[in-house]
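A look at the structure
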Amino acid sequence: MDRVATVDTVKGLREAVASWRGAGERVALVPTMGALHVGHLSLVERARALADRVVVSIFVNPTQFAPNEDFSKYPRTLDDDRAKLAGLAELAYTPLVEEMYPPGFATTVSLAGPAAAGLEDAFRPTHFAGVATVVAKLLLQALPDVAVFGEKDYQQLKVIARMARDLDLTAEIIGAPTVREADGLALSSRNRYLSDEERALAPTLHRTLQDGAARLRAGEDAGAVVTAGEDALAAAGFAVDYLALRDAETLAPVSDLAAPARLLVAARLGATRLIDNIAV
Ligand SMILES: Nc1ncnc2c1ncn2[C@@H]1O[C@H](COP(=O)(O)OP(=O)(O)OP(=O)(O)O)[C@@H](O)[C@H]1O
Ligand SMILES: CC(C)(CO)[C@@H](O)C(=O)[O-]
Ligand code: BAL
């Protein structure tokens, strides 16, 4: 089976990108942690439409996982991933941890402001510093014209867009829509952790968001909608971390639809934590 060409050093990545740039070509980067699914491939397709050359990074970034999280059991399927990318991307960038974080590494991007406050940050307080640091490094290593991220990780997308503006990173940050299973469950590498019983319950997450968005659009009070959604999720067997209405751009808390808003959720089914969101 064909495999996408792969480099695992900053030097190799820079050489490939420099040769494309020298030929006047536009370059797109799609950062991932691997275990690629159709959601990731939709980002690659979007990147393909925006650039001549597409680089997909595959790196399970240790600094965005807390010690109690699933870093060691996170799926690693590099050979499969390289096969999936054959013919879709020009290059996979697969650095080892020592390439990204050599001995003595001591710099972290720290975040302030509404995009990084609350929601995921309340439950994973070290997460976005790890994400922002590794994404800043990837953007500086590859120097792409555009970088594509999924709306499934909506807060992550907004944190990265803010960081890129604040640090004058030159890549344009593009968000792409969430790809779902037929029953509405957002594709995620972590769905494979679900038991059959949990998998059958999981689409309730998206249905609750759809129902909440419909009620909000119908003029129902945001507090009542959130409480009803939390109750519906708890009744279906979820432990809810948050269900919250936020400004779609800044992610500041809102209680009405005066400006475009986003309803975001994180909830656990057994040991698996799922996130999702919907435009309101
Ligand atoms: N269902 C999806 N539709 C569109 N983009 C997605 C989807 N799932 C993930 N992405 C995007 O793919 C990129 C890489 O994400 P990542 O490798 O973490 O995959 P994941 O499936 O979200 O895994 P997990 O959340 O379990 O870590 C991110 O920009 C993420 O938002
Ligand atoms: C953006 C990212 C690749 C950074 O490690 C990761 O958080 C992800 O897969 O969403
Ligand atoms: N998809 C975001 C990466 C993470 O959960 O660590």
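So, here is what we can say about the structure in this document. What you see is a predicted model; the values in this text were computed from it and never measured. (Residues numbered from 1 in each chain as written. Chains lettered and ligands numbered in written order. Predicted model: local features only at pLDDT ≥ 70, side-chain atom pairs only at ≥ 80, totals over all residues.)

**Some words on the sheet that holds strand β2 (residues 27–32)**
Convention followed: Two strands pair if DSSP finds at least two bridges between them. Each helix corresponds to a stretch of at least 4 residues labelled H or I by DSSP, and each strand to a stretch of at least 2 residues labelled E; elements are numbered beginning at the N terminus. What counts as a contact here is a pair of residues whose C-beta atoms, placed from the backbone, lie within 7 Å. Each axis is a line fitted through C-alpha atoms, taken for helices only over the stretch in contact, and angles between the N-to-C directions span 0 to 180 degrees.
In spatial order, the strands read β1-β4-β3-β2-β5-β6; together these 6 strands make up an open sheet with parallel pairing. The sheet terminates laterally at β1 (6–7) and β6 (172–176), the two strands that pair on one side only. The pairing of β1 with strand β4 (residues 91–93) spans 2 bridges and is classified as parallel. Bridge pairing in β4 links V7 to Y93. Across the sheet, helix α2 (residues 38–50) is in contact with β2, β3 (53–58), β5 (146–150) and β6; its angle to β5 comes to roughly 155°.

**Things to note about helix α1 (residues 10–22)**
Applicable threshold: For a helix, the expected span equals 1.5 Å multiplied by the number of residues minus one.
Helix length check: α1 (13 residues) gives 18 Å between terminal C-alpha atoms against 18 Å at 1.5 Å per residue, within 8%. Looking one or two residues beyond α1, the residue adopting positive phi is G24, at roughly 80°.

**Observations regarding the site of ligand 2**
Test applied: For each residue, a C-beta atom is placed from the backbone, and the residue counts as near a molecule or strand when that atom lies within 6 Å of it. Throughout this entry, Asp, Glu, Lys and Arg are counted as charged residues, while Ala, Val, Leu, Ile, Met, Phe, Trp, Tyr, Cys and Pro are counted as nonpolar. The remaining residues, Gly among them, count as polar.
In the region of ligand 2, the neighbouring residues are P31, T32, M33, N61, Q64, V131, V134, V135, D153 and Q156. Sorting the residues of the shell around ligand 2 by element identifies β2 and α6 (127–142) as the ones contributing at least two each. When residues in the shell around ligand 2 are grouped by element, the largest group, 3 residues, is from α6. For the shell around ligand 2, the per-class residue count stands at 5 nonpolar, 4 polar and 1 charged.

**Details of the site of ligand 1**
Surrounding ligand 1, one finds 18 residues, the nearest of these being G39, G150, L187, S189 and R190. Residue assignment for the shell around ligand 1 shows that the elements contributing at least two residues are α2 and β5. Looking at the shell around ligand 1, the element that brings in the most residues is α2, giving 4 residues. By residue class, the composition of the shell around ligand 1 is 7 nonpolar, 8 polar and 3 charged.

Bear in mind that shape data such as this cannot, by itself, settle questions of function.
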